[in-house]
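Okay, here's what each chain looks like letter by letter:
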Amino acid sequence: MSNRSIPGDFRTVLSITPLLDFWREKVAPKCEHMAAMFEVFEKRIQETPDLQGDIDRAEVAARHTDILAPLMSVAFPSSTWESEITGAFTPFQHQAIYCTPTYRKLLFNNSGTIVGRLKGQQNALDFQRLIRAYALILKRIYGIDQGLDSPLIRIVTDPETGLERHFQITPDFQFVQVGTVGRQRELSDPERQQVIDHIADPHVLTSLLPPENFIFRGFTVVRAVDVTESEITSALERDLIDQESIFSADGFKRLQSRLRTLFGQSDLKASLAALQQDKVLVLNDGHTSKANCLFTNSSHIPLNDLSQSVWLKAAAQKEILRIPDLSKKPNLCPVEQEAVDHGVRSMLIAPLHYRGKAIGTFWITSSRPNDLGAIEAQKMNHIVPLFSMALKRGLEDMNNEVQSVIKEKCTAVHPSVEWRFRNAAMDHMERLRQGKSSEMESIIFKDVIPLFGQSDIRGSSEARVQSIQADLSEQLSLAGTVMRRAAAAKSWPLLDELSYRIDQRIARISTGLSTEEESAVASFLQQEVEPSFVELRTIGPGVSHAIDGYHQAIDPARGVIYRKRKAFEESISSLNERLSGYLDQQQAEAQQVFPHYFEKHQTDGIDYVIYLGASMHPEGKHNLFFHNNLALWQFKVACGLAWHTRQIQPQLKVPLDTCHLILINHAPLTIRFRYDEKRFDVDGAYDVRQEIVKSRLDKATVKGSRERLTQPGRVAVVYSHPREGRDIRRHIDYLQSRGQLLEDLEMVDLEDLPGVRGLKALRVSVNLEVGAAAAAIESMAG
């Protein structure tokens, strides 16, 4: 279908004959009084040539309103004469013969011309006229009714307010007769189907039914309905999809213009406020902006400056707050006083929520007291969800921009310290927007307490090597079977040599395995042994069967036998997932009690580090109670990790067990975020000792023996100072009383480690009986 204007050559004739027929057939037979009245006016029409038959010009008929008015009452009820927006026109023309006062006031100018503009392009009007004309022809003459009805929207300027109003224009063709010029053209069944298939394509319709073959006689009743509110609401919804509409001055001016139309106030002003931690981001058309901030139409106001203000009062409630006259409010805060000084009197303030959480406010103001009342509040209530979603998306976009800076400079950061990175990122972005050179500032947390824990899978390295040995030996053995069967059939010297080399590699693997040997075996099999199978398969069915057995044992994705290694890796993965999932669950609950930095690593087992201190809390909070609470939480989690290991062991294809370690260090230290390495690290030579101890504890042994400190099913706690040992001993006593630990506590000294001396340890077994251990997996918060 073409977008260009498609002219029609339909003949349209103004006539009141269809109206008279309606009276004669529908009205007069039902009421003798109406019949008597019609008889009088029919006689008067017979005496008025201007109204008989086809009427030359609309203005001629319009001169006889004394006759038309009673007859038009069937389409223009007297009860709605003053309120309805209705007019009678020559079919498909703008020539009016009869209109209500409101129609004439709003949609005609002084010269009698239709005012305003159509929503969309002008050729849309020509297209709609043509399609409606054909729809009428098809329905009245050919009995094809496809229900085409696309209302037009006319936008006009209200003469009183100077603001736009939107009217939906709906034509009524009840008093239009459709006739043919000459003989009526019949449509074949294929042509009727073609019309139905192209009901909105004027080119097809005009080719089958030329417009000059039809005539429209009568008049069209056009009704206009004010749809300003729904149209503006739809326009606001479209605008608010674009974040620039609220985060740029020009976009917000467009929104404000629409809001003025919606509320019918030409001087109305609108603003948005977004809650951003301890600040409020104010968005508007720039009329109160003082700062060059992240957005061209924004300014930041400290949250404390709004204490006891109408904005925070609105944000705290879930309904629109109406302020009849802000200047009458007692004890104005500085921001309220500034608004009054700018002429603000009447206000409507709507809280903006997302999933039950306040995210900001949206408000409109007038310079006149009591200018925004209940009706305006009701309108505002309809659009508040649009602004809530727009603000939410806008803040998400802003947060994404902040996060992209954090990701570029820092990768992912823990939620407990994200506030510090956000502040640094927003300061960095603001400096860049001001044209200044900028780098992210150093992120340093001083006087933090570290808590370290580890659950190591004992013997995982040996088990991994054994699985590789088993897979390689099996693959070599299968290759050896092929060579022996081939040598039994053919006395080729190379077969004996390959068998000898295969046996040698099996023998070497059984005594030990290096990375080089693993690679050498794979290369030997893939480059020397397997290529020979093509020729060896021709020797006979026995050899061919052995080759098939070799290939069937090969993992298709890896090209080698991977049975034992797969079983080992699945066992490691299952155990890691069980332990990691439990730790994540417990950590999430612990965060609810008191936020703290948490970092977890997972290899063959898991280890984690916790940092907490006043410098890591956005409000500078730190409490010794929560520190001790987390220390007890650590021990309970270690018990839970041991218990989960015991529960999953029957499901593992390879037997595995875990050893559990806790490192106690009450000495505060300083950590710094390393932008180059994208991680936190201790800062200062003294604090580095903590990292050295952590890295070497897995090799620690009990002094005077070669016994490893960590043992399966037991928790070892390492410390340096006697006070640290006394603190942890209290936790052990408590857990023993609860039946979570056994009564086998050991106190041992550790052999000196490179760069580390004087470490001591407590070691105790976890009660792994199901009933006693159940409490060990309860959350700290519980």
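Here the structure is a predicted model, which means the values were calculated and not measured.

Undergrad: Sorry if this is basic, but what is going on with the packing of helix 16 (residues 460–489) against helix 21 (residues 563–593) here?
TA: How two helices sit against one another is set out by the angle between their axes and by the gap between those axes. It is at 7 Å that the axes of helix 16 and helix 21 come closest, and there the two elements cross at 155 degrees. One way to sum up the angle between helix 16 and helix 21 is to call them roughly antiparallel. Contacts between helix 16 and helix 21 involve Ser460, Ala463, Arg464, Ser467, Ile468, Ala470, Asp471, Leu472 and Glu474 from the former and Arg563, Lys564, Arg565, Phe568 and Ile572 from the latter. Tallied by class, the residues present in the contact of helix 16 with helix 21 amount to 6 nonpolar, 2 polar and 6 charged.

Undergrad: Which parts of the structure should I look at to understand helix 22 (residues 624–648)?
TA: Count 3.6 residues to each turn of an α-helix, and residues three or four apart come out pointing the same way. For helix 22, with 25 residues, the first-to-last C-alpha span of 36 Å sits near the 36 Å given by 1.5 Å per residue. Most of helix 22 is tucked away, with 19 of its 25 residues classed as buried.

Undergrad: Help me understand the nonpolar core in this model?
TA: Buried together is how nonpolar side chains tend to be arranged in soluble globular proteins. If you look at the biggest cluster of nonpolar residues, it comprises 34 residues, and the most contacted ones within it are Leu259, Phe362, Ile364, Met380, Ile383 and Phe387. When contributions to this core are tallied by element, the ones reaching two or more residues are helix 9 (228–241), helix 11 (249–263), strand 10 (269–276), strand 11 (279–283), strand 14 (346–354), strand 15 (357–366) and helix 14 (374–410). With sequence-adjacent residues up to four places away left out, Ile383 is seen in contact with Thr233, Leu236, Leu259, Leu262, Phe263 and Phe362. Counting 26 residues, the second largest nonpolar core, distinct from the first, contains Leu498, Leu513, Phe533 and Ala546.

Undergrad: Please clarify how the sheet that holds strand 6 (residues 164–172) should be interpreted in this entry.
TA: To summarise the sheet geometry, strands pair through backbone hydrogen bonds and adopt either a parallel or an antiparallel arrangement. With antiparallel pairing, 6 strands are arranged side by side in an open sheet as 3-2-9-6-5-4. This sheet does not close on itself; its edge strands, each paired only once, are strand 3 (96–99) and strand 4 (117–118). With 2 bridges connecting them, strand 4 and strand 5 (residues 152–157) associate as antiparallel partners. Paired with Leu118 across the bridge in strand 5 is Arg154. Packed on one face of the sheet, helix 4 (residues 65–72) meets strand 2 (85–89) and strand 3 and runs near 60 degrees to strand 3.

Undergrad: Can you help me understand the pairing of strand 3 in this one?
TA: Where a strand is regular, its side chains alternate between the two sheet faces. The sheet contact formed by strand 2 and strand 3 spans 3 bridges and is antiparallel. Within the sheet, the bridge partner assigned to Phe89 lies in strand 3 and is Ala96.

Undergrad: It is not clear to me how helix 17 (residues 493–511) should be interpreted in this structure. Could you clarify?
TA: Compared with an ideal rise of 1.5 Å per residue, which puts 19 residues at 27 Å, helix 17 spans 28 Å between its outermost C-alpha atoms and is within 8% of the ideal. By the burial criterion, the buried members of helix 17 are Leu495, Leu498, Ser499, Ile502, Arg505 and Ile509. Viewed along the axis of helix 17, the buried residues span an arc of 125 degrees, placing them on a single side of the element. Facing away from the buried side of helix 17 by more than 90 degrees, the exposed set consists of Pro493, Asp496, Tyr500 and Thr511. Taken together, the buried residues of helix 17 touch helix 16, helix 18 (515–529) and helix 19 (533–536).

Undergrad: Before we go on, may I ask you to explain unusual backbone geometry in this structure?
TA: Glycine aside, the phi torsion of most residues is negative, and most peptide linkages are trans. Even without a glycine there, the phi angle at Phe92 is positive, about 60 degrees. Following the sequence through the fold, Phe92 ends up in the loop between strand 2 and strand 3. Here Phe92 falls in the buried class, since its relative accessible area comes to 15%. Not every positive phi belongs to a glycine, and Asn331 is a case in point at roughly 55 degrees. Judged by its relative accessible area of 74%, Asn331 is exposed.

Undergrad: Would you mind going over empty space enclosed by the protein with me for this structure?
TA: To find the voids left in a structure, one rolls a probe of water-molecule size over its atoms. What the rule picks out here adds up to 4 cavities of 30 Å³ or more. In this structure, the second largest cavity occupies an estimated 70 Å³ of space. Every residue lining the second largest cavity is listed: Leu451, His627, Asn628, Ala631, Ile664, His666, Glu724, Asp727, Ile728 and His731. Listed by contribution, the elements that provide at least two residues to the lining of the second largest cavity are helix 22 and helix 24 (722–737). Here the residues of the lining of the second largest cavity sort into 4 nonpolar, 4 polar and 2 charged.

Quick notes on the rules
- Residues numbered from 1 in each chain as written.
- Predicted model: local features only at pLDDT ≥ 70, side-chain atom pairs only at ≥ 80, totals over all residues.
- Heavy atoms only, no water.
- Axes fitted to C-alpha atoms, helices over the stretch in contact; angles between N-to-C directions.
- Helix = DSSP H or I, 4+ residues; strand = E, 2+ residues; numbered from the N terminus.
- Parallel < 35°, antiparallel > 145°, perpendicular 65-115°, else oblique.
- Contact = heavy atoms within 4.5 Å.
- Nonpolar A, V, L, I, M, F, W, Y, C, P; charged D, E, K, R; others polar.
- Expected span 1.5 Å × (residues − 1).
- Buried < 20%, exposed > 50% of the residue type's maximum accessible area, 1.4 Å probe, protein only.
- Core = buried A, V, L, I, M, F, W, Y, C linked by side-chain atoms within 4.5 Å.
- Pairing = 2+ DSSP bridges.
- Arc of directions from axis to C-beta.
- 1 Å grid on protein atoms, 1.4 Å probe; cavity = no way out; pocket = protein on both sides within 12 Å on 5 of 7 lines; lining within 4 Å.
- Points joined across faces, edges and corners; volume = space filled by probe spheres on them.

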